[in-house]
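# Observations on chain architecture
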Amino acid sequence: MPDPASAIASWRFALPHTPVAVPLARALVRNTLADTGTPVDRHAAELLTAELVANAVQHTDGDEPIELVMGLAPTGQWQVEVHDRDPAPPAALRDPGAQSGPGAQDGPGTQDGPDTPNSGAPDPREVSERGRGLQLLRTLSAEAGYRSTPEGKAVWFTLPTGAR
């Protein structure tokens, strides 16, 4: 994923490290896409953003804000990142086999590698109600992954523009 600093246009929002961050993030995505007229699947953008924010709230300790960064990448895709203070990658993205692409490296802490469908993923009908967020991420996004940041990590996804 391109560095958010290289985005054509980007927006950053600090969200509270509480469950209220999830509907706030959905509203921020919905309003930003509507205000900018960005032609992207808005339902997918809201859903995937909500999943990443919910994961950050649930799986990271502390009360430091979660940062939502979204924007139009130079590639023309809509990109969303959710930053938190925990450096550990999301469990489903730790598998080096799930990381591929030009920036991928082997082992935990892989940076900037897109997430690709995992043929060894459990059947969604056979897993609990929890743990489906990253499966949604794999299914609905053009690319997804994580990268380390000086403060922790950023989990990201991109969506193609051109569809509403």
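Residues numbered from 1 in each chain as written. Predicted model: local features only at pLDDT ≥ 70, side-chain atom pairs only at ≥ 80, totals over all residues. Heavy atoms only, no water.

## So, the overall build of the chain
Cut-off, in case you're wondering: The secondary structure listing takes helices from DSSP runs of H or I that are at least 4 residues long and strands from runs of E that are at least 2 residues long, numbered from the N terminus. Throughout, exposure labels follow a simple rule: accessible area from a 1.4 Å probe, protein chains only, divided by the maximum for the residue type, with under 20% read as buried, over 50% as exposed, and the rest as partly exposed. Throughout, a contact is declared for two residues whenever any of their heavy atoms are within 4.5 Å. What sets the accessible areas is the Shrake-Rupley method with a 1.4 Å probe; for residues, cover comes only from the shown protein chains.
In terms of helices and strands, the chain carries 3 helices and 5 strands. Evaluated residue by residue, the chain yields a buried proportion of 40% over its 164 residues. When contacts within the chain are restricted to residue pairs at least 6 apart in sequence, those whose partners lie at least 24 apart make up 65%. As displayed, the chain has an accessible area near 8,200 Å², and 53% of this comes from carbon and sulfur atoms.

## Brief notes about the sheet that holds strand β2 (residues 66–72)
The criterion, for reference: Two strands pair under a simple rule: DSSP has to find at least two bridges between them. Note on definitions: angles span 0 to 180 degrees between N-to-C directions of axes, and those axes are lines fitted to C-alpha atoms, for helices only across the stretch in contact.
As summarised here, the arrangement of the 5 strands in space is β1-β2-β3-β5-β4, forming an open sheet in which the pairing is antiparallel. Every other strand in the sheet has two partners, leaving β1 (9–15) and β4 (143–149) as the edge strands with one partner each. On average, each strand axis in the sheet is tilted by 20° relative to the strand beside it, whichever way the strands run. Here β4 pairs with strand β5 (residues 152–159) via 7 bridges, running antiparallel. Of the residues in β5, the one forming a bridge with Gly145 is Trp156.

## Brief notes about the side chain of Gln77
Structurally, the position occupied by Gln77 is in the loop between β2 and β3 (78–84). Setting aside residues no more than four positions away along its own chain, Gln77 makes contact with Gly71, Leu72, Ala142, Glu143, Thr158, Leu159, Pro160 and Thr161.

## Focus: the nonpolar core
Applied cut-off: In plain words, nonpolar cores are sets of buried Ala, Val, Leu, Ile, Met, Phe, Trp, Tyr and Cys residues tied together by side-chain atoms within 4.5 Å.
One finds Val53, Leu68, Val82, Leu137, Phe157 and Leu159 to be the most contacted residues of the largest nonpolar core, which totals 26 residues. For this core, the elements supplying multiple residues, two or more each, are α1 (21–36), α2 (42–59), β2, β3, α3 (133–140), β4 and β5. Per-element tally for this core: the top contributor is α2, with 7 residues. Apart from the residues within four sequence positions on either side, Leu68 is in contact with Trp11, Arg12, Phe13, Leu15, Ala25, Leu28, Val29, Thr49, Val80, Glu81 and Val82.

## Looking at the side chain of Arg147
What counts is decided by this rule: Nitrogen and oxygen atoms within 3.5 Å of one another constitute a polar contact, given that in protein one can donate a hydrogen and the other can accept it, and given that sequence-neighbouring residues count only through two side-chain atoms.
Considering the arrangement of structural elements, one finds Arg147 in strand β4. The exposure class of Arg147 is buried, given its relative accessible area of 16%. Polar contacts involving the side chain of Arg147 include one to the side chain of Glu81, which spans 3.0 Å.

## Topic: the packing of aromatic side chains
This is how the line gets drawn: Centres within 6.5 Å make a pair out of two Phe, Tyr or Trp rings, where for Trp the six-membered ring is used; the pair is then stacked when the planes are under 30 degrees apart, edge-to-face when over 60, and tilted otherwise.
Inspection of the entire model under this criterion finds 1 aromatic pair. Taken together, a centroid distance of 6.0 Å and an interplanar angle of 35° make the contact between Trp11 and Trp78 tilted. Separated by 67 residues along the polypeptide, Trp11 in strand β1 and Trp78 in strand β3 bring together distant segments of the chain. You can call Trp78 buried: its relative accessible area is 0%.

## Thoughts on the pattern of salt bridges
Quick note on the threshold: Salt-bridge detection follows one rule: a side-chain nitrogen of Lys or Arg within 4 Å of a carboxyl oxygen of Asp or Glu.
This structure, assessed with the given rule, holds 6 salt bridges. The partner of Arg12 in a salt bridge is Glu67, with the nearest N and O atoms 3.1 Å apart. With Arg12 in strand β1 and Glu67 in strand β2, this residue pair connects regions lying 55 residues apart in the sequence. Relative accessible area serves as the criterion here: at 48%, Arg12 is assigned to the partly exposed category. Relative accessible area serves as the criterion here: at 25%, Glu67 is assigned to the partly exposed category. A cluster of three or more residues bridged by salt bridges with shared partners is formed by Arg26, Arg30 and Glu46.

Such coordinate-based values are descriptive only and should not be taken to indicate function.
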